[in-house]
Amino acid sequence: MSEYIPHEHDVLVIGAGGAGLRAAVEASAAGVKVAVITKSLLGKAHTVMAEGGVAAALGNVDDRDNWRVHFADTMRGGQYVNNWRMAELHAREAPARVRELEAWGALFDRTGDGRILQRNFGGHRYPRLAHVGDRTGLEMIRTLQDHGIHLGLDVFMEHTILRLLKDGDRIAGAFGYDRERGRFHLFRAKAVVLATGGIGRAYKITSNSWEYTGDGHALAYHAGASLMDMEFVQFHPTGMIWPPSVRGILVTEGVRGEGGVLRNRLGERFLFHDIPPLYVNQTAASEEEGWRYTQGDKNAKRPPELLTRDHVARCIRREVREGRGSPHGGVFLDIAWIKEKLPNAAEHIRKKLPSMYHQFKQLADIDITAEPMEVGPTTHYMMGGVRVDADSQMSDVPGLFAAGECAAGLHGANRLGGNSLSDLLVFGQRAGEYAARFARECPLPGVDAREVEAAERRALAPFGRSSSENPYSVQHRSQEVMQELVGIVRTEREMVEALERLRELHAAAERAGVDGNREYNNGWHTALDLDNLLAVSEMVARAALERKESRGAHFREDYPSKDEQCGKWNLVVRKGAGGEMEFTRVPIPPLRDELAAILREMQ
Amino acid sequence: MAKATFRIWRGERGRGAFCEYDTEVAPGMVVLDAVHQIQAEQAGDLAVRWNCKAGRCGSCSAEINGMPKLMCMTRLNALALDRPVTIEPMKAFPHVKDLVTDLAWNYAVKRRIPPFQPRKPDAPDGTWRIAQADVDRVQEFRKCIECYLCQDVCHVLREHHLHEQFMGPRFLVYTAALEMHPLDVDDRLAPLKKEFGVGLCNITKCCTKVCPESIAITDNAIIPLKERVVDRFFDPLTKLFRIFGHSET
Ligand SMILES: Cc1cc2nc3c(=O)[nH]c(=O)nc-3n(C[C@H](O)[C@H](O)[C@H](O)COP(=O)(O)OP(=O)(O)OC[C@H]3O[C@@H](n4cnc5c(N)ncnc54)[C@H](O)[C@@H]3O)c2cc1C
Ligand code: SF4
Ligand code: SF4
Ligand code: FES
């Protein structure tokens, strides 16, 4: 017999980061009854950590910028396997979404004439990132949260969804538990929006928090939705590497945007040695020109530090492998050097990058205004996710929508910095609007009691197996497998081994037991997250095996170059009839003429 | 490798006791690392909140050797490890389990504060022009990560339990940010005085001392708010002005 607390809503939003909150605000404004569910407290989702800024072609700093350039930049960054319709909508709508935040109270840094200031970021042709120092995500999530709480949303904090429920083909709601008491909850809903973020905890070195166990990806997969681009995991080039306990914590690209440079042990700006063909025309010819670019000289081109993340991360890895790394196995990121160029450099750095200044001072005893930082790649962002319709964000399960990091398409093989926060706003808004529309047009679906009972039994199983496998240990081992064998540089042999090890870990997870009771039991929560973590890890490894070329964030040592044929499809995975992962290559439809013309023009 | 001892408060809803755990410590470790290690190796069901591990989300607040701090930003080398390090939950809020407390009151207070209300857009493009200097003035307040450490130390809440009458330093900062927002046109002085009890603060500055974001809570937020309230409600001259001002509009 199941025991749970029942709830009923029109639209259920799973996730209270930027995407979830924006969706909830929109759905609520459309007049339907909305619930928001989050594993953490409100305002603590990953979005709060975003630093650098939100990309939108406002053209405030350089009036040559417009949506067409942003569109072309996003497609180039994604190596042309993006969903081009999403890239178009994103570029067109981001400016309005950013301005709207201002109307809800966000305060961005300003230009001299009082408009929203924009900064340079990797892969963006013009200064495009609206920002607030280096705490843009905080400003964004707080604005949405504080706007949202006055709209009558039902917010369920510290509730975790374990299972999506269906009525025939369509979505019917979700089943989960509250962390505080460990009670079960059944959320019936006409439409569900997944906004659960990424999968970074699948790796050992990551900038992501405990929440990022790929829940939304796994929930959608088990509900029969298709996922796409799972081979594309972004490794950010600059994470902290020393001391060991801070390994992986992000060092914002904003440091490079403000003039920070990367050097190897020999003091060389090694990125000048290797500039990818797609970017030769846009990259500075000399260090001097690069500096002028960061200072707003419109005739200068970008320094190579602002090349796309996949490339910079691989170059760093190469320097380290070839013995030119820093003492703790990274390279040097130097912003202090700008004192040669600017009076008051130290003050300028503290003003522009206050969080970075404190982070290094407090966690590593380093004063970034005086000495270089040591940095290395860290797992950062998931380009892959739920496959959705570009306009409505609906998955191929009727009534199930997805937005933000857990959805795929916009970023293709590699996301540009700043394009995530704008993604959350643009597609959060769309998901909210279409989910509300969907909900208004249909009755409340039924739920299958057996489905609920099965989910409940499965959730309680770890209590019956106390003191067998330790769930934390299974998690750590799985993170090591992914880090070592399915990381920045991949080969078939290693990934086959990874799959073997993941299979063993699956079995270990089935034995994972927990002590204590159901009240706020982190061990139990960790055990419950394992299923998702292992499922997404396996999907990443299988997808990466399947793509036999190197493109964007996906680099194969055994297939080191790009294969034009592989640029014609996306890899889609769904759960097969026998429960196996079924992969298909889905052709990318030809671009609309207007968009194709933009790409040609901006080559 | 060196070992250190951690005395962690374990228990549910206020009842419990300290448990001691020995664990290995490495250079650069923060308190949260030690707690995680203990959780993974010795106490699987230990309850603790965290998210970012970088001082940005404000989830991991606790009292470390009696001092309210973020566990993720407290380096072990800043503590004396020759004796046990004590870690307790915040005391100004109802206890849930181990290091976790019930913060619902904070969320409820915020919902009662009259929300942001901008003036009509007045730039030709339908937005606003705002000077950086005006932004700078409130950005300090907007840095707040809602860790509630300031609420935890404020004696009005912690000792006198005046949660019903007083919003606490966090929300005085929040209200100051709204009041000084360059676009906001609402006026929150009356509720500040009445429901939110700004007068209950007697400027001990304990909140300012613990703020991990170094917000000058008392000097820059509370005192200016108090002055505005006093000007409005107690200064007879201003009162007169207001009456006249009112009758003219
Ligand atoms: C350190 C850092 C810096 C970054 N800087 C930038 C930047 O400058 N610019 C930029 O564009 N991007 C940046 N990014 C990326 C960007 O922040 C994220 O991609 C984005 O915030 C994701 O938002 P989201 O709304 O999709 O998900 P999140 O904000 O992660 O929210 C996910 C939500 O889902 C909830 N959830 C998850 N699983 C469940 C479940 N099973 N049940 C219930 N709830 C669940 C979580 O509790 C959370 O509320 C950065 C990322 C990091 C880590
Ligand atoms: S200054 Fe006021 S708000 Fe801050 S701790 Fe003292 S009494 Fe509380
Ligand atoms: S004002 Fe400071 S101490 Fe108080 S909640 Fe905000 S960040 Fe924490
Ligand atoms: S974990 Fe985010 S502030 Fe400590």
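Residues numbered from 1 in each chain as written. Chains lettered and ligands numbered in written order. Predicted model: local features only at pLDDT ≥ 70, side-chain atom pairs only at ≥ 80, totals over all residues. Heavy atoms only, no water.

Draft legend 1. Layout of the pairing of strand E4 (residues 67-70) of chain B. Burial along E4 of chain B is one-sided: Pro68 and Leu70 of chain B are buried, while Met67 and Lys69 of chain B, pointing the other way, are not. Here strand E3 (residues 61-64) of chain B hands over to E4 of chain B after two residues, with Asn65 of chain B in that stretch at a positive phi of 50°. (Buried < 20%, exposed > 50% of the residue type's maximum accessible area, 1.4 Å probe, protein only. Helix = DSSP H or I, 4+ residues; strand = E, 2+ residues; numbered from the N terminus. Pairing = 2+ DSSP bridges.)

Draft legend 2. Local environment of the interface of chain B and chain A. Each partner contributes residues to the interface: chain B has 59 residues there, and chain A has 63 residues. Both faces considered, chain B and chain A share a buried interface measuring about 4900 Å² in area, 50% of it formed by carbon and sulfur atoms. Three residues, Asn51, Arg56 and Tyr107 of chain B, lead the burial of chain B against chain A; their summed loss comes to 15% of the area buried on that side. The tally of links between chain B and chain A comes to nine salt bridges. For the salt bridge of Arg142 of chain A with Glu146 of chain B, the shortest nitrogen-to-oxygen distance reads 3.6 Å. In this structure, the connection of chain B to chain A is made through 37 residue pairs in polar contact (both at pLDDT 80 or more). Elements represented by at least two residues in the side of chain B that touches chain A include exactly helix H1 (31-41), strand E6 (95-97), helix H2 (104-112) and helix H3 (132-142) of chain B. Looking at the side of chain B that touches chain A element by element, the count peaks at six residues for H3 of chain B. (Contact = heavy atoms within 4.5 Å. Buried area = accessible area lost by both parts, 1.4 Å probe. Salt bridge = Lys/Arg side-chain N within 4 Å of Asp/Glu carboxyl O. Polar contact = N/O pair within 3.5 Å; in protein donor to acceptor, adjacent residues only side chain to side chain.)

Draft legend 3. Region of the structure containing the packing of helix H13 (residues 471-485) of chain A against helix H15 (residues 522-546) of chain A. Residues and elements named next belong to chain A. The geometry of H13 relative to H15 is characterised by a closest axis approach of 9 Å and an angle of 20° between their N-to-C directions. For the element pair H13 / H15, the angle class is roughly parallel. H13 and H15 meet at a crossing whose hand is left-handed. For the pair H13 and H15, contact is made by Pro471, Tyr472, Val474, Gln475, Ser478 and Met482 and by Asn522, Gly523, Thr526, Ala527, Leu530, Leu533, Leu534, Ser537 and Val540, respectively. In terms of residue class, the contact of H13 with H15 is made up of nine nonpolar, six polar and no charged. (Axes fitted to C-alpha atoms, helices over the stretch in contact; angles between N-to-C directions. Parallel < 35°, antiparallel > 145°, perpendicular 65-115°, else oblique. Left-handed = near helix turned anticlockwise from the far one by under 90°. Nonpolar A, V, L, I, M, F, W, Y, C, P; charged D, E, K, R; others polar.)

Draft legend 4. Inspection of helix H2 (residues 67-77) of chain A at higher detail. Residues and elements named next belong to chain A. Of all 11 residues making up H2, 10 are buried, and the element is well covered by its neighbours. Among all positions of H2, only Trp67, Val69, His70, Phe71, Ala72, Asp73, Thr74, Met75, Arg76 and Gly77 are buried. Those residues of H2 that are buried lie in contact with strand E3 (54-55), helix H3 (84-103), helix H11 (419-440) and helix H16 (593-601). The distance from a side-chain oxygen at the start of H2 to the backbone nitrogen of Arg68 is 2.9 Å, and the residue carrying that oxygen is Asn66. Once H2 ends, the next one or two residues include Gln79, with phi positive near 55°.

Draft legend 5. Representation of the environment of Met75 of chain A within the structure. All names here are of chain A. Summarising the element assignment, Met75 is placed in helix H2. Met75 gets classed as buried once you look at its relative accessible area, which sits at 1%. For the pair Met75 and Met157, spaced 82 residues apart in sequence, the C-alpha separation works out to 37 Å. With residues near it in sequence (within four places) discarded, Met75 still touches Tyr80, Asn82, Trp84, Ala87 and Leu599.

Draft legend 6. Seen up close, the site of ligand 2. All names here are of chain B. If you check the shell around ligand 2, you find Cys154, His155, Pro169, Cys201, Asn202, Ile203, Thr204, Lys205, Cys206, Cys207, Thr218 and Ile222 and nothing else. Secondary-structure elements contributing two or more residues to the shell around ligand 2 are helix H8 (206-210) and helix H9 (217-233). The residue makeup of the shell around ligand 2, split by class, is seven nonpolar, four polar and one charged. (Near = heavy atom within 4 Å.)

In short, shape yes, function no, at least from these values alone.
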